[in-house]
Each structure stands twice: as C-alpha cells, then as structure tokens.
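One-letter residues, chain by chain:
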Amino acid sequence: MSRDTAMSKASKDELRQLLNDLRARLDGDDLKVEQLSELMDQLSRFMGDKPSEDQQRLFGELDELSGIIRKMKSEIASLRPDDIKAEYIPNATDELDAIVDATAGATHEILDAMDALEEFATTLPPEQAEIVTGATMRVYEACNFQDITGQRTTKVIKALKSIEERVEGLVTAFGDEIAKYAAANPRQKKEAEGEDALLNGPQLEGKGVTQADIDAMFN
Amino acid sequence: MAVDPNMPILIVDDYKTMLRIIRNLLRQLNFTNIEEATDGSMALRKLREAPFSLVISDWNMEPMTGLQLLKEVRADAKLKDMPFIMITAEAKTENVVMAKKAGVSNYIVKPFNAETLKGKMKTVIGDF
C-alpha cells in the first residue's frame with residue numbers, strides 16, 4: 001500500500017486545500033513570517049501516526065526551521081525596530097534637514113555681505129577695488145560647498161527614508177511579536193543624570209527657547 | 001570676433017544659492033545680461049521666448065533634468081546650435097559621456113572656481 005492511499009480522502013482534500021491556500025497567499029504576497037510556525041503545525045497533522053522515515057526527516061527539518069523562525073522573531077522583536085521607525089530615523093532626518101537649512105541660510109548671508117562689499121568696491125580706487133573684487137570672487141567660489149553638501153545630505157536623507165520603509169515592513173511583519181516583547185520588557189529608558197541631562201542640543205527650530213525668552217528670564 | 005559682455009546668458013539650477021553664485025561669478029567676468037530658470041521646463045520656455053547666446057545648466061533638476069533640457073535644445077531646429085555648458089555635481093565618466101553624446105558644449109564639475117568657468121566659457125563662446 002502506498003503512502004498516498006494510507007491517507008483518507010478527507011485528509012487529502014484538507015491537505016490539498018491547505019496547500020492551495022498557502023500557494024494563493026504566497027502568490028498574493030499575503031503570507032506573514034509569524035504565520036509560518038502555525039502552518040507547519042497544520043502540515044504536521046498530516047504525518048499520520050506512523051510516519052515513514054522520509055516523513056520523519058521532513059518533519060524534523062520543518063520543526064527545526066520552525067524553531068529557527070521563532071528564535072529569529074524573538075531576536076528581531078528584541079531589537080525594537082518600531083523604535084528605529086518611530087524615533088531614531090525621524091530625528092536623524094530632522095537634524096539633517098536642519099543642517100541643510102542652516103547652511104543655506106548662512107550662505108545667503110555670506111552672499112549678501114559679498115554683494116555689499118562689491119557695491120562698496122565701486123567707490124574705491126581701481127587697485128583697491130580689484131583686491132576687494134578678487135576676495136569676493138574667492139568667497140563666491142567657496143560658497144559652492146553649500147550646493148554640494150546639500151546634495152550629499154539629501155542623498156543621506158533618501159537612504160534613511162529607504163531604510164525607514166524596510167523597517168516599516170519589518171515592524172508590520174513582526175508587529176505582534178514586537179508588541180509582546182515590548183509588553184514583557186518595558187523600556188528602561190536610560191535617563192541622563194545631573195549635568196549630562198542638560199547636554200542634548202542643539203535644539204531644532206522651535207524646540208528650544210529663544211534669546212528673547214532667555215532675556216526675559218534675566219529681567 | 002570679440003565676445004559681447006552684454007550677450008544674454010541663461011543660467012539654470014533648481015538651487016537658488018547656486019544661481020546666485022553663478023550670477024555673481026559671471027558678473028565678475030563682466031557678463032551682466034543674465035536670466036535665470038529653476039528647472040529644465042522653465043529654461044526651455046525662456047529659450048523659446050527670447051534669444052540667448054549661452055546656456056549654463058545644472059543636471060540634477062526636476063521635473064526636467066539638465067540632460068533632458070540639452071536633448072530638447074539639440075532637437076529644436078531654432079536652438080540646436082546653442083552653446084550649452086553643464087555645471088553639475090554628477091562626476092562619473094558615464095555622465096560626461098552621456099552629456100557629450102547629447103551634444104553638450106562643455107562640462108564643469110561642482111565645486112568649481114571662476115577660473116574654470118572662464119576657461120570653459122572661452123572654449124565655447126570665444127575669447128573675452
């Protein structure tokens with residue numbers, strides 16, 4: 001008697017249905033990693049009471065794979081990728097945006113000052129005007145840096161956003177596991193103490209007090 | 001033939017700081033008739049509306065890049081001979097090759113200095 005005929009028709013239909021469902025979910029990209037263990041448990045029911053050597057080996061492999069997946073899920077959850085998405089990456093991109101804005105603002109200020117100097121140079125004797133003009137030209141050349149650093153920073157921001165999307169996929173796939181881990185391991189936020197707690201600047205625009213606020217504290 | 005310092009020049013960059021830097025450098029080279037555009041589409045519109053003697057364009061812009069602008073210029077019967085200098089941070093060989101294939105007159109990599117700009121302009125429009 002073959003192994004196939006050892007299964008009842010009902011069992012075979014159920015197994016076929018299970019496999020069809022699995023295939024459909026794989027094709028539709030609708031299979032979450034956390035569902036694999038459950039699937040393996042379901043498949044193992046079709047092994048019968050006296051599985052063959054091949055079946056036993058296959059089951060052993062599946063069981064091992066299931067264990068690896070469980071361990072991996074737990075390890076990934078312990079890394080708290082939700083924190084990376086919710087806190088670290090947005091903070092990093094905000095800081096980078098602030099750098100671009102600040103350097104752009106400073107560059108415009110420098111260019112305004114150079115414009116004023118050039119204007120002033122027109123009132124000078126030719127020899128002196130030439131010195132001023134030469135100096136302002138060097139400043140214009142140096143201001144190239146802002147465009148380059150801006151473009152480089154934009155590339156880094158794009159890379160961070162790409163990482164954020166991937167982490168979001170990870171958070172979606174392991175959401176339940178992460179929530180379980182977070183509930184079981186409430187974050188012990190390491191708070192800085194004493195003077196160290198005061199070192200968290202520079203603040204982003206609107207996140208700190210203004211000089212006027214500070215002045216008011218002294219009045 | 002001497003280059004007319006009053007020749008109209010179109011500078012194209014999506015980054016206003018860069019437009020300002022190029023404008024000031026050109027002014028120091030005694031070129032004062034300078035028009036600006038902040039992307040390829042705006043530049044193309046301006047080129048079709050008024051005569052220009054030189055285009056100095058960035059590459060990386062949206063929605064129309066400097067390379068697309070260059071191709072449009074070269075494909076336009078009235079503009080195809082327009083001197084066109086690309087100033088860009090794109091410094092890979094394949095970029096330069098692509099721009100040359102598209103008919104760029106010269107190519108400057110950022111950051112650049114006034115001497116380089118002057119040298120490339122001389123190559124393209126003649127001595128000044």
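- Looking at an unreviewed UniProt entry, one finds chain B named Response regulator and attributed to Thalassospira povalilytica.

1. So, the overall build of chain A
- In terms of helices and strands, chain A carries 9 helices and 0 strands.
- Overall, chain A shows an N-to-C arrangement of helices and strands of α-α-α-α-α-α-α-α-α.
- Out of the 219 residues in chain A, the part that is buried amounts to 7%.
- Nonlocal contacts in chain A, meaning residues at least 24 apart in sequence, comprise 76% of its contacts between residues at least 6 apart.

2. Topic: the overall build of chain B
- Within chain B one finds 5 helices and 5 strands.
- Considering only intrachain contacts with a sequence separation of at least 6, the fraction spanning at least 24 residues in chain B is 62%.

3. As for the packing of helix α2 (residues 40-49) of chain B against helix α3 (residues 66-75) of chain B
Residues and elements named next belong to chain B.
- At their nearest, the axes of α2 and α3 sit 9 Å apart, and the two run at 25° to each other. One finds that α2 runs roughly parallel with respect to α3. Regarding α2 and α3, the two cross each other, and that crossing is right-handed. Here α2 contributes G40, A43, L44 and L47 to the contact with α3, which in turn contributes G66, Q68, L69, E72 and V73.

4. Regarding the UniProt feature "modified residue: 4-aspartylphosphate" (unreviewed entry) in chain B
Residue and element names in this part refer to chain B.
- The UniProt entry lists D58 under the feature "modified residue: 4-aspartylphosphate" (unreviewed entry), expressed in the numbering used here.
- Relative to the assigned elements, D58 resides in the loop between β3 (54-57) and α3.
- The exposure class of D58 is buried, given the 27 C-beta atoms found within 10 Å.
- Ignoring any residue separated from it by four or fewer positions in sequence, one finds D58 in contact with V12, D13, D14, M18, G66, I87 and T88.

5. With respect to the sheet that holds β3(B)
All names here are of chain B.
- Spatial strand order, β2-β1-β3-β4-β5: 5 strands in an open sheet with parallel pairing. Two strands lie at the open edges of the sheet, namely β2 (34-37) and β5 (106-109), each paired on one side alone. The mean angle between the axes of side-by-side strands here comes to 20°, regardless of whether they run parallel or antiparallel.
- Direction of pairing for β3 relative to strand β4 (residues 84-88): parallel, over a ladder of 3 bridges.

6. Thoughts on the interface of chain B and chain A
- Contact with chain B, which involves 14 residues of that partner, is made by 16 residues of chain A.
- When residues in the side of chain B that touches chain A are grouped by element, the largest group, 7 residues, is from helix α1 (residues 16-28) of chain B.
- Considered class by class, the residues forming the side of chain B that touches chain A number 8 nonpolar, 4 polar and 2 charged.

7. Regarding helix α6 (residues 126-142) of chain A
Residue and element names in this part refer to chain A.
- Between its first and last C-alpha atoms α6 spans 24 Å; for 17 residues at 1.5 Å apiece the expected length is 24 Å, and the two agree.
- Within α6 the residues assigned to the buried category are T136, M137 and Y140. When α6 is viewed along its axis, its buried side chains cluster within an angular range of 110° and face the same direction. Across α6 from its buried face, at more than 90 degrees, point the exposed residues E127, Q128, I131 and G134.

8. Some thoughts on the nonpolar core
- Core analysis: the biggest nonpolar cluster contains 35 residues, and L10(B), A43(B), V55(B) and I56(B) have the highest contact counts within it.
- Per element, the largest residue contribution to this core is 5 residues, and it comes from α1(B).

9. Brief notes about the environment of K78(B)
Residue and element names in this part refer to chain B.
- Position of K78 relative to the elements: it lies in the loop between α3 and β4.
- The exposure class of K78 is exposed, given the 10 C-beta atoms found within 10 Å.
- Residues K78 and L47, 31 residues apart in the sequence, show an inter-C-alpha distance of 9.7 Å.

Scoring rules and cut-offs
- Residues numbered from 1 in each chain as written.
- Chains lettered and ligands numbered in written order.
- Predicted model: local features only at pLDDT ≥ 70, side-chain atom pairs only at ≥ 80, totals over all residues.
- Helix = DSSP H or I, 4+ residues; strand = E, 2+ residues; numbered from the N terminus.
- Buried ≥ 20, exposed ≤ 12 C-beta atoms within 10 Å, placed from the backbone.
- Contact = placed C-beta atoms within 7 Å.
- Axes fitted to C-alpha atoms, helices over the stretch in contact; angles between N-to-C directions.
- Parallel < 35°, antiparallel > 145°, perpendicular 65-115°, else oblique.
- Left-handed = near helix turned anticlockwise from the far one by under 90°.
- UniProt positions renumbered as here; feature names shortened; annotations may be inferred.
- Pairing = 2+ DSSP bridges.
- Nonpolar A, V, L, I, M, F, W, Y, C, P; charged D, E, K, R; others polar.
- Expected span 1.5 Å × (residues − 1).
- Arc of directions from axis to C-beta.
- Core = buried A, V, L, I, M, F, W, Y, C linked by C-beta atoms within 7 Å.

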